[in-house]
Amino acid sequence: QVQLVEHGGGLVQAGGSLRLSCAASGRTFSSATMGWFRQAPGKEREFVACIVGSVGYTSYADSVKGRFTISRDNAKNTVYLQMNSLKPEDTAVYYCAGRVVQQCNRREGAYDYWGQGTQVTVSS
């Protein structure tokens, strides 16, 4: 059974930075696609970023492009989300997700595995 565990959420002021991490256990994700999604109160879960393991290809939502960076350490089976220049509208629960297919996808239904989520709150 695959488990994804996120860490790194918290409270930060606008303009600040946070780094989220997601550790995968039970299966090696070095060649798989990993993604980050987020869900703000009263809103649907939305795509943030993804990275394909075999080639390192990345994709970002327009709302975070230039501010967030997704990366991975395959030796640690861990994916990261570095978030800079945070805004109050980035406040949400952030979820890590994984899929076996080696292709980025912005639909949450395309992902096979999910973490429990970590809260990020950005104060103005």
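Our subject is the structure that appears above.
Keep in mind that this is a model prediction, so the values were computed, not measured. (Residues numbered from 1 in each chain as written. Predicted model: local features only at pLDDT ≥ 70, side-chain atom pairs only at ≥ 80, totals over all residues. Heavy atoms only, no water.)

(A) Region of the structure containing the overall build of the protein chain. Looking only at helices and strands, the protein chain has 0 helices and 11 strands in total. Structurally, the protein chain occupies a C-alpha span of about 40 × 25 × 25 Å along its principal axes. Within the protein chain, buried positions represent 48% of all 124 residues. Within the protein chain, contacts between residues at least 6 apart in sequence are counted, and of these 59% link residues at least 24 apart. Summing over all exposed atoms, the protein chain offers an accessible surface of approximately 6200 Å²; the carbon and sulfur share of this is 45%. A gap of 4 Å separates the mean positions of the 13 positive and 9 negative side-chain charges of the protein chain. (Helix = DSSP H or I, 4+ residues; strand = E, 2+ residues; numbered from the N terminus. Buried < 20%, exposed > 50% of the residue type's maximum accessible area, 1.4 Å probe, protein only. Contact = heavy atoms within 4.5 Å. Areas by Shrake-Rupley, 256 points an atom, 1.4 Å probe, with all protein chains shown as cover. Lys, Arg positive; Asp, Glu negative; His and termini not counted. Charge placed at Lys NZ, Arg CZ, Asp CG, Glu CD.)

(B) Seen up close, the nonpolar core. Among the nonpolar cores identified, the biggest contains 37 residues, and W36, L81, M83 and Y94 are the most heavily contacted of them. Those elements that place two or more of their residues in this core are β3 (18–25), β4 (33–39), β5 (46–52), β7 (68–73), β8 (78–83), β9 (92–99) and β11 (118–123). The dominant element in this core, judged by the number of residues it contributes, is β5, at 6 residues. The residues touching Y94, leaving out its near neighbours within four places in the chain, are E6, L20, W36, F37, R38, V48, F68, L81, M83, G117, T118 and V120. (Core = buried A, V, L, I, M, F, W, Y, C linked by side-chain atoms within 4.5 Å.)

(C) Geometry of the packing of aromatic side chains. Inspection of every chain in the model, using the stated rule, returns 5 aromatic pairs. With a centroid separation of 5.1 Å and an interplanar angle of 55 degrees, the aromatic rings of F37 and W114 are classed as tilted. Of the two residues, F37 is situated in strand β4 and W114 in strand β10 (residues 113–114); the sequence distance between them amounts to 77 residues. Residue classification places F37 among the buried residues on the basis of a relative accessible area of 1%. One aromatic cluster in this structure is built from F37, F47, Y95, Y111 and W114. (Phe/Tyr/Trp six-rings, centres within 6.5 Å; stacked < 30°, edge-to-face > 60°.)

(D) Highlighting empty space enclosed by the protein. This model, assessed by the stated rule, comprises 1 cavity of 30 Å³ or more. Its volume calculated, the largest cavity comes out at about 50 Å³. (1 Å grid on protein atoms, 1.4 Å probe; cavity = no way out; pocket = protein on both sides within 12 Å on 5 of 7 lines; lining within 4 Å. Points joined across faces, edges and corners; volume = space filled by probe spheres on them.)

(E) Examining the pattern of salt bridges more closely. In the structure shown here, the tally under the stated rule is 5 salt bridges. Measuring nitrogen to oxygen at the nearest pair gives 2.7 Å for the salt bridge that ties R38 to E46. Note on E46: relative accessible area 35%, which makes it partly exposed. Across the pair D90 and R38 runs a salt bridge whose closest N-O atoms are separated by 2.9 Å. One end of the pair, D90, is in the loop between β8 and β9; the other, R38, is in strand β4, with 52 residues separating them in the sequence. Look at D90 and you get buried, because its relative accessible area is 1%. (Salt bridge = Lys/Arg side-chain N within 4 Å of Asp/Glu carboxyl O.)

(F) Region of interest: the environment of A97. With respect to the secondary-structure elements, A97 resides in strand β9. The spacing of A97 and R67 is 30 residues in sequence and 20 Å in space, taken between C-alpha atoms. In this structure A97 touches L4, T33, M34, G35, F37, Y111, Y113 and W114, once residues within four positions along its chain are discounted.

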